[in-house]
Amino acid sequence: MAETHKQRFIKALRREPITGHVPQFELVFFLTMEAFGRVHPCQRSYSQWNQMSVRERELHLQDVADIYIQTAEHYQHDAIFVQPSPGAHDFENIRRLLEIIREKSGDEYYLMMHGDPTLAIPSGDDMLEMSAQMYEEPEVLHDAQKRVWDRLQKEAAALQGTGLLDGYTLCSDYAFNVNPFFSPDMFAELVAPHLKECIDGYHQMGYYVIKHTDGNINPIVDQIVDCGPDALHSIDPQGHMNLSEIRKKYGDRICTIGNVNCGLLQTGTDEEAEADVRRCLREGMDGNYGFIFSTSNCAYTGMPLERYEMMEKIWREEAVYPG
């Protein structure tokens, strides 16, 4: 019996040997209008969600599930990142969406969703206040993370054993392209304890954990890996992250995901973009284990669809392990 996409994805997370194509996915594929003539769920307005009948909500959730599955089938993605829309962060809507995807696709795809209680880079409006709190009121920031984790672990426990969800992807961004927002000492004090607590908690419930963050995390990557995620996404080349170096240093401990330069996919020449895709594959495929192919962020709005499909074509033709 052929392996499912989910089984291949989990093999990569567990750093087990793989034959055939390198596993792949996208954290978010926003280009559904260009690809399929359908608006991505996160680009829609659900401002009248609370006014909808039960049937109207169900039809929207069915449509959202179809878009996720259509994207995975078309591009041969091994996993689907289920985002909290429609219905914002309403847990019951997310649970129903997971149920529909499983009803329609069975156990074919690895399903994940966001579940990160840790601090992220604040918005411009909040940056001064949070910067002051880091030094003057750290207990406020600790308490905020604890409250979020209390909610998230209850939701994770409610899904435990249902077969609906395979893992969590922790999407708090810690860094700019130049450097992390948090100094190493501040990260160790304010963020790392909460990151480790939630990763340990998810693992104890049987979930896999991928840690996502863009930017230059070189000064804090040791601490992130020490917290024990199964994988690191997106190893951002625009943030001076080197896939070969990360794999050499941490490849026996974590799966590496991503690293195709989104900037070159969007604005580079065809030759530059193609060369970077092949560079990523060459560095990631230095062994037949522990590597999942994707962009260094996501297939975001504004990225030319033809560039993403060029990346996919190279993957189909060249990203194949021997055996």
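Definitions and cut-offs
- Residues numbered from 1 in each chain as written.
- Predicted model: local features only at pLDDT ≥ 70, side-chain atom pairs only at ≥ 80, totals over all residues.
- Heavy atoms only, no water.
- Helix = DSSP H or I, 4+ residues; strand = E, 2+ residues; numbered from the N terminus.
- Rg over C-alpha atoms; globule rule 2.2 N^0.38 Å.
- Buried < 20%, exposed > 50% of the residue type's maximum accessible area, 1.4 Å probe, protein only.
- Contact = heavy atoms within 4.5 Å.
- Salt bridge = Lys/Arg side-chain N within 4 Å of Asp/Glu carboxyl O.
- Pairing = 2+ DSSP bridges.
- Axes fitted to C-alpha atoms, helices over the stretch in contact; angles between N-to-C directions.
- Parallel < 35°, antiparallel > 145°, perpendicular 65-115°, else oblique.
- Nonpolar A, V, L, I, M, F, W, Y, C, P; charged D, E, K, R; others polar.
- Core = buried A, V, L, I, M, F, W, Y, C linked by side-chain atoms within 4.5 Å.
- Right-handed = clockwise from strand over helix to strand, strands pointing away.

Draft legend 1. Structural view of the overall build of the protein chain. Each helix and strand counted, the protein chain has 13 helices and 9 strands in total. Taking 323 residues into account, the globule formula puts the C-alpha radius of gyration at 20 Å, and the protein chain, at 19 Å, falls close to it. In terms of principal-axis extent, the alpha carbons of the protein chain reach across some 55 × 50 × 40 Å. Across the 323 residues in the protein chain, those meeting the buried criterion constitute 54%. For the protein chain, the proportion of contacts with a sequence separation of at least 24, taken over those separated by at least 6, is 75%.

Draft legend 2. Representation of the pattern of salt bridges within the structure. In the structure shown here, the tally under the stated rule is 25 salt bridges. Between D66 and K104 there is a salt bridge; the shortest N-O distance is 3.1 Å. Taken as a pair, D66 in helix α3 (residues 54–75) and K104 in helix α4 (residues 91–105) lie far apart in primary sequence, 38 residues in all. The exposure class assigned to D66 is partly exposed, which follows from its relative accessible area of 28%. Across the pair D222 and K249 runs a salt bridge whose closest N-O atoms are separated by 3.7 Å. Taken together, the residues D222 in helix α9 (residues 221–226) and K249 in helix α10 (residues 243–250) connect sequence positions 27 residues apart. On the basis of relative accessibility, which here comes to 53%, the residue K249 falls in the exposed class.

Draft legend 3. Just unusual backbone geometry, in detail. For the peptide bond that leads from H233 to S234, omega is 20 degrees, which places it in the cis range. Looking at the element boundaries, S234 is found in strand β6 (residues 231–234). We note that Q76 has phi near 60 degrees; this positive angle belongs to a residue other than glycine. Note on placement: Q76 falls in the loop between α3 and β2 (79–82). A relative accessible area of 32% means that Q76 is categorised as partly exposed. A positive phi angle, close to 50 degrees, is found at I235, a residue other than glycine. Structurally, I235 can be placed in the loop between β6 and α10.

Draft legend 4. How the structure looks around the sheet that holds strand β8 (residues 291–292). Read across the sheet, 7 strands follow the order β2-β3-β4-β5-β6-β7-β8 without closing on themselves; strand pairing throughout is parallel. Strands at the two margins of the open sheet, each flanked by one partner only, are β2 and β8. Inspection of the sheet shows strand β3 (residues 110–114) paired to strand β4 (residues 167–170) by 3 bridges, in the parallel sense. The partner of M112 across the bridge, within β4, is G167.

Draft legend 5. Representation of the packing of helix α5 (residues 127–136) against helix α6 (residues 138–159). In contact at an axis separation of 5 Å, α5 and α6 are set at 105 degrees when each is read in the N-to-C sense. Relative to α6, the element α5 is oriented roughly perpendicular. Across the interface between the two elements, M130, Q133, M134, Y135 and E136 from α5 touch P138, V140 and L141 from α6. Looking at the contact of α5 with α6, its residues break down into 6 nonpolar, 1 polar and 1 charged.

Draft legend 6. Quick peek at the nonpolar core. Among the nonpolar cores identified, the biggest contains 106 residues, and Y202 and F293 are the most heavily contacted of them. Once residues within four sequence positions are removed from consideration, F293 is found in contact with V22, P23, Q24, F25, V260, V277, C280, L281, M311 and W315.

Draft legend 7. The pairing of β6, seen in detail. Relative to β6, strand β5 (residues 208–212) is paired through 3 bridges, and the arrangement is parallel. Within β6, the position partnered with I210 by the bridge is A231. For the handedness criterion, the β-α-β arrangement of β5, α9 and β6 is classed as right-handed. As defined by bridge partners, β6 adjoins strand β7 (residues 255–258) across 4 bridges and the pair is classed as parallel. Following the sheet pairing, A231 is matched in β7 by C255. On the question of chirality, the crossover connecting β6 to the parallel β7 by way of α10 is right-handed.

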